[in-house]
Every structure is written in structure tokens, then in C-alpha cells.
Amino acid sequence: MIRILDIAAKDLKEEFRTKQMLNSMVIFSLLVIVIFSISFGPILGSSENVEMVAPGVLWIAFIFAGSIGLSRSFVAELENGCLEGLKLCPVSRAAIYTGKAVANIVLMLIVEIITIPIFVILFNYNIGGLFLPGLVIALGTIGFVCVGTLLSALTVNTRTREILLPVLLLPLVLPVLIPAVMATGSALSGASMGDISQELRLLLVYDVVFFLVAQLVFEYVIQD
Amino acid sequence: MSDRSLTGKILPLLAAATMLLAIGMIFFYLPEMKGESGEVLDSSFRIFYFHMPIAITSYLAFTVVFISSVLYLRKGEYKWDIVSRSAAEVGVIFALLVLITGSIWAKATWGWYWIWEPRLTTSLALFLVYVAYLLLRQAVDVPDKRARLASVFGILGFVSVPLSFLSIRLWRSAHPLMFGEAASGSGGGLEGASLQLTLLVNIVAFILLFASMVSYKMGNEMLEEEVNELRSSLK
């Protein structure tokens, strides 16, 4: 457990030293929102329309920003044989995966915490509660990152890694994204826990399933 | 070798015979479909007897991919990789056929080829997952690594099969549910021995078709392996 946090701390320390990745993720997710405001320009006048498209736009921004972050997650380890170093650490392979996933989750949550207030201000958008939307978004992010971290390690070995990652990742995380977007919409417009219990359960199940499956197969991804 | 040529002949013949029977039953054996109020339904409903068996076959194909991927990772025997790549390729064709037959039927009954609702979205995603699987196979050059990474993806991709299957039971959906109860309370509807018999024969026919396609594909892949081996021994 401590080892997992050590690996996550290593990744985060490395990231915060330069903040290269984090900056581009935040800027990118803001750019998605700008593009969204341009492409939906005329219909954003009424708050009703904003409410309808908000969860979708937020998730598009998170997913795109997340994909960039994930695509770098293992590429950084290729330099100077860092991956070999990691594999030599006296920890199980599953711990490496979990540490990486934790670091990626933290990065994505930071991006989300910055993006959402800006979205709220720019579109004059009212959020009905903080806890429930936060929970839904966190669960969705965990599921997304669980699959994404594994695929990041998987595509690092391929010829066209930057292109291949989103192509592999997006259809796979659909079972997480469908309930996440549905539940985010209801939660943001002030639904109660009971209203979205079905989506929450589905999210939880897929988070657990993806996490466990990834733990089991990660060993085969990085063995060489 | 004799064993291979035996199944190589009997299986396709059997598949062809059952397929002919199945098609014949759809057009000549089935009675006219009656709606709830007794009116005669459009015969476009008959495409259902293709649509559902194809869907079942594609689920079966992806289950085969999943099982052989697990077996490859556990045992490291190359034949399991051949099984999973053959089943995946045939499965992608069947998944595409599900979308096509479904769209034709949807045009006839709903008036649109496509609507965005959970069942259709998850079926499309299922197709895309296994297209991505084939793309992944193309992107890795080393055969050993390719087999290993593809197996990992084959296991992960299988997680979306149950969602596609369960989606009409979980969410209120426009897609009709023929067996079992949906969460929203509607469902069932296919009754009568002649209908169920036709459906059964069609399912058997499509599974036999799938089996013979996979066995052909596997034969091809094995020959390709042999050629590669010979070529590398010449160098």
C-alpha cells in the first residue's frame, strides 16, 4: 500500500517539477470549452440549453484532456530505461499499475477542479449541489483512468502509440461514460442520490471490474 | 491431417444445409405475424430471424476471443492466439451484420435507420471495440508481443459484451425485447411453437456458419505460420 503511494508520489513529484503535462491538460480542456461555445454559439443564450449540453461538454473536455495525460504516462518511463528500473523495484507489478493509476487520477481531478468553476462562470450555469456531482465525476474519472492507464502501458509498445491510445480507449470506456454522463446531468440539475442510484451502481461495478481486470493482466503488458 | 480435412468438408456442408433450411423456414414455414389487436404485421419482421441469431453468434465469437485470450496468457501456447484472432475477425463481420440488419428493420418499423439509444450505442461500441482489437494487432510487429498485448485487450474488451447484452434490460429502450423482462416492465412477445422452432433452426444455422468460417480462417492462419517459418528457415 505504501509502495503504491510511493510510485504515485514519484510520478506526481516529477509532474509538479515541470507542470508540463498538467498545464497542457488544463489549457486543452479550456480550449474544448471555447470550441464548444463557438460551435453552439447561438443556442447558448438560454440557461435551459446550457443545462442540457453541460454534462456532455464537460465530459468531452475531461476525456480529451485525460487522453493526452494518459498518452504521456508511460512514454516518460521509456527514457533512460526508467521502466526497467521500475520493474526492478521490489514491488509487485500490480502495485506499479495502481501507483500509476493513482497519479493519473490525481492529475485528472486537478484538471476537473479547475475546469468546472470556469465553465460555471463562463456559461452562467447553476450547479445544484456539490457532493453528488463530485461523486459521479470522481467515479467516472476512476473508471476512465483504470482502463486508460493499462492501455497507456499497452500502447507504449506499439508503433503508432499516440494515435492508437484513444482509438483503443474510447470504445472500451463507453460502459463507464454512458452512466457517467447520464448521472452527471441529473446530479448537476439537483437530483437526489436515489434518482441516480442505478447509474451510480453501474459506475461502481465497472470501476471495480476494470480495476481488478487491469490488476490481473498488467503483468503481461509490461513483461518483455 | 485427415481429421482437419474431414471437419473442413463436413462442417461447411452441414452449415449450408441448415442455412438453406433456415431460410426456407423463414419464407415458407412461418405463419403470418399477428399484432396484439389481431392485425397482420408487416413481413419486415421476418428479418428478426436473421438479426437475433447473428447477434447471438457475435456474442459467442467474442466469448471465444475472451476464453482463448485467457488461455494464451496462462499457457503461452500459440494456437490459442490463432483461435482468438480468427474468432475476432469473424466476430467483427457478424457485429457489423447485426448493425446492418438492425438498421434495415429499424427503417421499416421506426422510419429511421438509426436512433441513439443505449442498445444501439452499445452494439456500435461492441463493433468498434473489436475493430480496435484488429487495429492493435496490426500495430505490433513482433508476433510474441502481438499475441500477448492482443490477449490483454481481448480480455478487457469482453467487459463490454455483457453491457451490450444487458442494456435493454437496464435502461428504458426503444429496442424490442423478445425474451425475459425489461426493467421498465415490457418485454416478451415471441410465442408459438413454429416461431420458436424457426428461431432455433436459424440460431443453429448461424452458429454452424460461424464455426465453419472460423475453421477456414484458422486453417489459413496455420498455413501462414508455416510459410513464415519456412521463409525464416531459408534465410
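Below is a short write-up of the structure. (Residues numbered from 1 in each chain as written. Chains lettered and ligands numbered in written order. Predicted model: local features only at pLDDT ≥ 70, side-chain atom pairs only at ≥ 80, totals over all residues. Heavy atoms only, no water.)

## What to know about the overall build of chain A
- A count of helical and extended segments in chain A gives 9 helices and 0 strands.
- Secondary structure elements of chain A occur, N-terminal to C-terminal, as α-α-α-α-α-α-α-α-α.
- Rg of the C-alpha trace for chain A: 18 Å, near the compact-globule value of 17 Å for 224 residues, within the 12% margin.
- Looking at chain A as a whole, 50% of its 224 residues are labelled buried. (Helix = DSSP H or I, 4+ residues; strand = E, 2+ residues; numbered from the N terminus. Rg over C-alpha atoms; globule rule 2.2 N^0.38 Å. Buried < 20%, exposed > 50% of the residue type's maximum accessible area, 1.4 Å probe, protein only.)

## Some points on the pattern of salt bridges
- All chains considered together, the criterion is met by 14 salt bridges over all chains.
- We note a salt bridge from R159 of chain A to D141 of chain B, for which the minimum N-O separation is 3.0 Å. In this pair, R159 of chain A is assigned in the loop between helix 7 (131-155) and helix 8 (161-188) and D141 of chain B in the loop between helix 4 (118-139) and helix 5 (143-157), connecting two distinct chains. Side by side, R159 of chain A and D141 of chain B carry an identical accessibility label, which is exposed.
- Across the pair E221 of chain B and R85 of chain B runs a salt bridge, and its minimum N-O distance is 2.2 Å. Pair noted here: E221 of chain B is in helix 7 (residues 193-234) and R85 of chain B is in helix 3 (residues 78-109), with a separation of 136 residues, a long-range link. Exposure class is identical for E221 of chain B and R85 of chain B. Each is buried.
- One salt-bridge network, in which partners are shared between bridges, spans D81, R85, E89, R137, K217, E221 and E225 of chain B. (Salt bridge = Lys/Arg side-chain N within 4 Å of Asp/Glu carboxyl O.)

## Observations concerning the interface of chain B and chain A
- The interface of chain B with chain A comprises 26 residues on the first partner and 29 residues on the second.
- Contact between chain B and chain A buries roughly 2,600 Å² in total, counting both sides, with carbon and sulfur atoms accounting for 77%.
- Run the count over chain B and chain A and you get 1 salt bridge.
- The tally of links from chain B across to chain A stands at 5 residue pairs in polar contact (both at pLDDT 80 or more).
- Those elements giving two or more residues to the side of chain B that touches chain A turn out to be helix 4, helix 5 and helix 6 (160-170) of chain B.
- With 10 residues, helix 4 of chain B is the single largest residue contributor to the side of chain B that touches chain A.
- Of the residues contributing to the side of chain B that touches chain A, the split by class is 18 nonpolar, 5 polar and 3 charged. (Contact = heavy atoms within 4.5 Å. Buried area = accessible area lost by both parts, 1.4 Å probe. Polar contact = N/O pair within 3.5 Å; in protein donor to acceptor, adjacent residues only side chain to side chain. Nonpolar A, V, L, I, M, F, W, Y, C, P; charged D, E, K, R; others polar.)

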